[in-house]
Amino acid sequence: MEVLRYVLPHLLAGCLAGVVASVGIVATDIGSLRELVLNTQGGWIAFALLTFGLVVTFGSIAMGGAIMAIGGGEDC
């Protein structure tokens, strides 16, 4: 349980970073994604898939980094 209390905040921070990244990508219209989201019939699906992919990616990176940093104080 102690590991979960350590990893969960990192996971949530990574998920939040994924949401911020997806909103930032759409807001700055990188690759005309804002045009896709706003001007097509299923544009919200594209935004949802982008957000889901980035949340999974950033969340797993943050969680993996937290797990690898647990033993960082010891000499290897």
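Predicted model, so just to flag it, every value in this text is computed and none were measured.

Cut-offs used in this document
Residues numbered from 1 in each chain as written. Predicted model: local features only at pLDDT ≥ 70, side-chain atom pairs only at ≥ 80, totals over all residues. Heavy atoms only, no water. Helix = DSSP H or I, 4+ residues; strand = E, 2+ residues; numbered from the N terminus. Rg over C-alpha atoms; globule rule 2.2 N^0.38 Å. Buried < 20%, exposed > 50% of the residue type's maximum accessible area, 1.4 Å probe, protein only.

(A) Layout of the overall build of the protein. On a plain count of helices and strands, the protein comes out with three helices and zero strands. In sequence order, the protein lays out its α and β elements as α-α-α. The globule rule puts the C-alpha radius of gyration for 76 residues at 11 Å, and the 16 Å found for the protein is more than 25% above it. Principal-axis analysis of the C-alpha atoms gives the protein an extent of 55 × 25 × 15 Å. Across the 76 residues of the protein, 16% fall into the buried class.

(B) Molecular detail of unusual backbone geometry. The backbone phi angle of Asp29 is positive, close to 60 degrees, even though this residue is not glycine. Looking at the secondary structure, you find Asp29 in the loop between helix 1 (2-27) and helix 2 (33-39). Although it is not a glycine, Ser32 adopts a positive phi angle of roughly 60 degrees.

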